[in-house]
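# Working through the structure, step by step
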There are 2 protein chains.
Amino acid sequence: MGSGKTTSFHIALMAGVSQATVSRALRDSPLVSEATREKVKQIARDLNYQVDRSAAGLRSGQTRTLATLLFEDETATDNSVNPYFLSMLGHITRAAARRDYDVLVAFQQLSENWHQHYEISNRADGIILLGYGNYVSFEDKLDRLRRDDAHFVVWGASGPGLDGRTVGCENRLGGEIATRHLLSLGRKRIAFFGEKDERCPEFRDRYAGYEDALAAKGIEVDPDLQFDARGKESLGAAAVERLLASGTRFDAIFAASDLIAIGTIAALREAGLSVPGDVAVVGYDDIHAASCITPALTTVRQDPRAAAGALVDLLLTRIAGGKGDSRQLPPQLVVRNSCGGVKI
Amino acid sequence: MGSGKTTSFHIALMAGVSQATVSRALRDSPLVSEATREKVKQIARDLNYQVDRSAAGLRSGQTRTLATLLFEDETATDNSVNPYFLSMLGHITRAAARRDYDVLVAFQQLSENWHQHYEISNRADGIILLGYGNYVSFEDKLDRLRRDDAHFVVWGASGPGLDGRTVGCENRLGGEIATRHLLSLGRKRIAFFGEKDERCPEFRDRYAGYEDALAAKGIEVDPDLQFDARGKESLGAAAVERLLASGTRFDAIFAASDLIAIGTIAALREAGLSVPGDVAVVGYDDIHAASCITPALTTVRQDPRAAAGALVDLLLTRIAGGKGDSRQLPPQLVVRNSCGGVKI
DNA sequence: CTGAAAGCGCTTACAG
DNA sequence: CTGAAAGCGCTTACAG
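Please read all numbers here as calculations on a predicted model, not as lab measurements.

## Thoughts on the nonpolar core
One finds A:Trp155 and B:Trp155 to be the most contacted residues of the largest nonpolar core, which totals 154 residues. Of all hydrophobic cores here, the second largest spans 35 residues; its members include A:Ile127, A:Leu145, B:Ala67 and B:Leu145.

## Looking at the interface of chain A and chain B
Each side of the interface is counted separately: chain A has 44 residues, and chain B has 44 residues. Where chain A abuts chain B, roughly 3900 Å² becomes buried across the two surfaces, and 49% of that area is made up of carbon and sulfur atoms. Counting across the interface, chain A meets chain B through two salt bridges. Between the two partners, chain A and chain B, sit ten residue pairs in polar contact (both at pLDDT 80 or more).

## Description of the protein's contact with DNA strand D
Close to DNA strand D lie 28 residues; A:Arg24, A:Arg59, B:Ser8, B:Gln19 and B:Ser23 are nearest. Near the protein, meaning within 4 Å, the atoms of DNA strand D are sugar or phosphate in a fraction of 60%, with bases accounting for the rest. The side chain of B:Arg59 places a nitrogen or oxygen atom 2.7 Å from a base oxygen of DNA strand D. Those elements that place two or more of their residues in the surface near DNA strand D are helix 2 (19–26) and helix 4 (53–60) of chain A together with helix 2 (19–26) and helix 4 (53–60) of chain B. Among the elements that make up the surface near DNA strand D, the one with the highest residue count is helix 4 of chain B (five residues). Across the surface near DNA strand D, the residue classes tally to twelve nonpolar, nine polar and seven charged.

## Brief notes about the pattern of salt bridges
Opposite charge on two side chains allows them to pair when their charged atoms are near. All names here are of chain A. Under the criterion given, the structure shown has 34 salt bridges over all chains. Linking Arg301 and Asp303 is a salt bridge whose minimum nitrogen-to-oxygen distance equals 3.8 Å. With relative accessibility at 25%, the residue Arg301 sits in the partly exposed group. Each of Asp286, Arg301, Asp303 and Arg336 takes part in a single network of salt bridges with overlapping partners.

## Topic: helix 11 (residues 304–319) of chain A
All names here are of chain A. Taking 1.5 Å of rise per residue, the 16 residues of helix 11 would be expected to cover 22 Å, and the 22 Å separating its terminal C-alpha atoms lies within 8% of that figure. When you tally the buried positions in helix 11, you get twelve out of 16 residues, the bulk of the element. Residues of helix 11 that are buried: Pro304, Ala307, Ala308, Gly309, Ala310, Leu311, Val312, Leu314, Leu315, Leu316, Arg318 and Ile319. Its side-chain oxygen at 3.0 Å from the backbone nitrogen of Arg305, Asp303 defines the N-terminal cap of helix 11. Positioned one or two residues after helix 11, Gly321 has a phi angle of 100°, which is positive.

## Quick word on the protein's contact with DNA strand C
Around DNA strand C, a shell composed of 28 residues is seen, among which A:Gln19, A:Ser23, A:Tyr49, B:Arg24 and B:Arg59 lie nearest. In DNA strand C, atoms within 4 Å of the protein come 60% from sugar and phosphate. Side-chain polar atom of A:Ser8 to a phosphate oxygen of DNA strand C: 2.6 Å apart, as the coordinates give it. Within the contact set of DNA strand C, a base oxygen lies 2.6 Å away from a side-chain nitrogen or oxygen of B:Arg24. For the surface near DNA strand C, the element with the highest residue contribution is helix 4 of chain A, accounting for five residues.

Criteria and cut-off values
- Residues numbered from 1 in each chain as written.
- Chains lettered and ligands numbered in written order.
- Predicted model: local features only at pLDDT ≥ 70, side-chain atom pairs only at ≥ 80, totals over all residues.
- Heavy atoms only, no water.
- Core = buried A, V, L, I, M, F, W, Y, C linked by side-chain atoms within 4.5 Å.
- Buried < 20%, exposed > 50% of the residue type's maximum accessible area, 1.4 Å probe, protein only.
- Contact = heavy atoms within 4.5 Å.
- Buried area = accessible area lost by both parts, 1.4 Å probe.
- Salt bridge = Lys/Arg side-chain N within 4 Å of Asp/Glu carboxyl O.
- Polar contact = N/O pair within 3.5 Å; in protein donor to acceptor, adjacent residues only side chain to side chain.
- Near = heavy atom within 4 Å.
- Helix = DSSP H or I, 4+ residues; strand = E, 2+ residues; numbered from the N terminus.
- Nonpolar A, V, L, I, M, F, W, Y, C, P; charged D, E, K, R; others polar.
- Expected span 1.5 Å × (residues − 1).

Here it is, written out as structure tokens:
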């Protein structure tokens, strides 16, 4: 093109039409005749032309970009993000790409001022929040996003003020399924590793499902069998130590996440206990590592592909001005070797 | 602001300066007096103003965005990406954020036409390629990027036409370190799991290091001990089967990646062999799962934080018009339990 | 150090 | 179905 980059004006000149028609043809506007459209597109291809997104974004006010924010615990020394969210990120980019959206990604800490970084600056049309399950800590930020009329959706339990903004798993049902599985294998003294208060609504719901399953069997819930743990291996291991030190009898552990379960199994074996011989362990999420460890982890799967698709769809609905409905995806038990009693 | 969004004109009006001065002040131009700058910034803060990136991008031709492309094997049924790249992605976003760049991410398949998607369309100022180690397959695409004068850098071994574009690990040294470790523990019949041809330059270099270490001990390389495997667990397991079926004697395995090593260990145990008792196993990468499995995997660490920082720096150098130098980061042996002979 | 003006490359009323 | 014109909100010569 001699000087400078190829623009829609160059295409227009070559096609013998106006620049506006080029713009319309390239976007498949029904206002353009089939013949014109084809001619324009062919020339664009030949010239290796691509619409300038900055220009299009400025004029239209749309970026066709979604921002995905992954929460990162600032206390974590190793900058580790739950692998489940990482895999979801992959599915989000694919779901977005199918709808012709790009994905901007950032790992954010609680202290940072992300709440206005994206939409106000016209970097993205909407935001997906991953790992922001603890609504109590994020209340201010979420409030701010709402006041700024930002388009955003959240992965996690539904919560106050989040109607039509959440996609999650039926955590209570998931907790019940996991516990029922352990009970069906004859385990009676099932410990729960995970916090169960408002700060972790997903864990709280899984605990409620745990209670449901026990109640259905007429087994009383023993509060001494619940041990706090957040989503890290080391905290699963720490919970094992506390459980062992407490002297409480147990023959199974329901870990509220796979990461906790993995740390739990390692600590149990370190303590000379066999899994599943002495203790059966079930996790939650079905991260990749779950199938790699020995014994392979029986867990409750939250399909990340479906989750990502639902999040993207819900966000696009909101961007389009719709209301959208929150969704709870069905959990699914994946039976492997960590609970015993099963031939594969 | 009554109608519409807040723009630099609103700020200018309130500050009693021209819009151009607002633009300069917000970008910390030295052309603006300290006093004016502070006044403008304060008003911008009060009004919750953010520069419109589309407008800035259109005028300046810079997006201050980097695209990270992760290669995804289309033969993979589970859309899985090597966790090592995922963790690197996190570090890339952090390194970019520190330099005030956003990161666009996409999981791309070989067949897709990504080579012109990003820069020509003004979506990003440069591209980071992750998982494109097999330069043979990507030659055409890389050629195309070069012809389009795209700014891009690659994680992997240096290769023809990639001077000043690669950041990688000293793979040969890493292979030597891993092998030397096994030798120092008395292992003599060390199998290598990984392809060793041009198509996998990183694995090839690790194999060369393996040969170096054996040669230094005066041990002849036995070609019967090399088994092809790509970066997936199942292929590590498949290599174990072939090794066992071959009847070749062995007491250790150097797996060219952690994923291969994890599949290898699982298959060995399935076959009734103990790790490290019967067979010592060493991996490569130090992914998160390496420390979670039993026995914990001894491996060669490639620091993802350093790698990400080097990739971003190199890319920004190129974007700024500089040449930049390719870099090889030092590998580091991480000793855990999968090779035995070590008290921790 | 500051301002008036041009212009980046599109999309979108508006008119036909 | 098509075109001429306006304008999105900035950054950047240019002039002072």
